[in-house]
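# A look at the structure
Chain residues, written in single-letter form:
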Amino acid sequence: MIYSTEGRGRLYGSVLETIGNTPAIRLNRIAPEGVEIYAKFEAFNPAGSVKDRLALNIIEAAEREGRLQPGQTVIEATSGNTGIGLAMVCAAKGYPLVITMHDGFSVERRQLMRFFGAKVVLTRKEDKAVGMVAKARELADENGWFLAHQFETKDNADIHETTTAREILADFDGKALDHVVLGYGTGGTATGLGRVLKQARKDIKITLSEPENAALVSSGTTQQRNEEGEPSVSHPAFAPHPVQGWTPDFIPLVMQEALDGGYFDGLLPVTGAESIAMARRLAAEEGILTGISGGASVAAAVKLAETAAAGTVILTMLPDTGERYLSTPLFEGIDADMDEEELSLSQSTPGFKY
Ligand code: PMP
């Protein structure tokens, strides 16, 4: 019996209380022989991604510290998941929300944010992430809105330090965990995990993955920033890649802590094609519906596993759900109409032919 009927042993006062405590799930068919790979599946968060954690913390820390007033408009630049998380949090708490996002990210993201009641102001994808960040800053300054600042705020890595990392320690208590592999968008997850896991379990290795054609950290070129830590220019090693949510065209300040603190033991590039192929395999072979960055994370974990000693245990992150990518290359070739095999099945018995 794999089902528990005990309930959760508590009632929830709001959807926001259901954020976090996501499961680490073993990959049974994709992991190479002799190596265990676990994936922490962040799609279990109520708005479907790892960014629900950060969204709640940014708002609640600002409330506590008096930086956000009741009814004040919140604004943020986001590749989507932070916007969706903030849209959920702002809806539940009653704050108006404006999102800036470039038009290269999936349209489902915009629709989801608008469904939660947010306004989505598009910038052009040619102006990259730097453009949408600058637009959010302009609108915030002009209107006196609260800028969430996910790429710079301490509230980002802090929530991963106090929740995501603790959940991992609790779930692997008394068990082996040799290696953590993950990518970065803001770097909140990587920095938060780096702070805690390296302290708590001295032998853990952390490997950072990046898109092969946007290997900003691997390039060794430092990011130029303004006094507030925001990027002042696009990073020269950036090229557009399909791993939405990973590696913007700059190294965020939040990520810089992990680099300066030496939290990473290695760098491992993955290609966009590998990421998409692995996200498809996760669905078809493990029953795990995750986005392109989830595929990228597991592709990196498998590369690492292929050269790892027998018995190695690896953990990686699945940042969001695959349902957020129906309009993207992830679902290319997945049609709404019946294919030939389906049509011939339809024709093969007499009733209800199509
Ligand atoms: N994958 C996806 C789909 C994301 O939206 C994000 C967040 N931008 C990440 C990965 C990376 O998480 P973090 O910002 O904590 O580095």
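## Comments concerning the site of the ligand
- Around the ligand, 16 residues are found, and the nearest of them are Asn81, Gly185, Thr186, Thr189 and Ser293.
- Between an oxygen atom of the ligand and a side-chain N or O atom of Lys51, the distance comes to 3.0 Å.
- Between the ligand and Gly245, the relevant distance is 3.1 Å, taken from a nitrogen atom to a main-chain nitrogen or oxygen of the residue.
- Protein burial of the ligand: of its 390 Å² of free accessible surface, 96% is covered by the chains.
- More than half of the atoms belonging to the ligand lie within 2 Å of the grid points that define the largest pocket.
- The residue inventory of the shell around the ligand, partitioned by class, reads 4 nonpolar, 10 polar and 2 charged.
- Counting contributing residues, the shell around the ligand receives three or more from each of domain 1 (15-45 + 164-331) and domain 2 (51-147).

## Thoughts on the domain arrangement of the protein chain
- Considered domain by domain, the protein chain is made up of domain 1 (15-45 + 164-331) and domain 2 (51-147).
- Each of domain 1 and domain 2 was reduced to a C-alpha centroid, and the two centroids are 23 Å apart.
- For the pairing of domain 1 and domain 2, the buried interface totals around 2,000 Å² over both sides, and the portion due to carbon and sulfur atoms is 55%.
- Broken down residue by residue, the surface that domain 1 buries against domain 2 is led by Leu16, Ile19 and Arg324, which jointly contribute 32%.

## A short note on the packing of helix α2 (residues 81-93) against helix α3 (residues 107-115)
- Relative to each other, α2 and α3 sit at 15°, their axes nearing to 9 Å. Here α2 is positioned roughly parallel relative to α3, judged by the angle of their axes. Between α2 and α3 lies a crossing whose hand is left-handed. For the pair formed by α2 and α3, the contact residues are Asn81, Gly83, Ile84 and Ala87 on the first element and Arg109, Leu112 and Met113 on the second.

## Quick notes on helix α1 (residues 51-64)
- Between its first and last C-alpha, α1 extends 20 Å over 14 residues, near the 20 Å set by a 1.5 Å rise per residue.
- With respect to burial, α1 is a largely interior element, 11 of its 14 residues being buried.
- When α1 is considered as a whole, its buried residues turn out to be Lys51, Asp52, Arg53, Leu54, Ala55, Leu56, Asn57, Ile58, Ile59, Ala61 and Ala62.
- If you follow the buried residues of α1, they end up packed against β2 (36-41), β3 (74-77), α2, β6 (146-147) and α5 (154-171).

The rules behind the values
Residues numbered from 1 in each chain as written. Predicted model: local features only at pLDDT ≥ 70, side-chain atom pairs only at ≥ 80, totals over all residues. Heavy atoms only, no water. Near = heavy atom within 4 Å. Polar contact = N/O pair within 3.5 Å; in protein donor to acceptor, adjacent residues only side chain to side chain. Areas by Shrake-Rupley, 256 points an atom, 1.4 Å probe, with all protein chains shown as cover. 1 Å grid on protein atoms, 1.4 Å probe; cavity = no way out; pocket = protein on both sides within 12 Å on 5 of 7 lines; lining within 4 Å. Sits in = over half its atoms within 2 Å of the grid points. Nonpolar A, V, L, I, M, F, W, Y, C, P; charged D, E, K, R; others polar. Domains from an automatic or database assignment. Buried area = accessible area lost by both parts, 1.4 Å probe. Axes fitted to C-alpha atoms, helices over the stretch in contact; angles between N-to-C directions. Helix = DSSP H or I, 4+ residues; strand = E, 2+ residues; numbered from the N terminus. Parallel < 35°, antiparallel > 145°, perpendicular 65-115°, else oblique. Left-handed = near helix turned anticlockwise from the far one by under 90°. Contact = heavy atoms within 4.5 Å. Expected span 1.5 Å × (residues − 1). Buried < 20%, exposed > 50% of the residue type's maximum accessible area, 1.4 Å probe, protein only.

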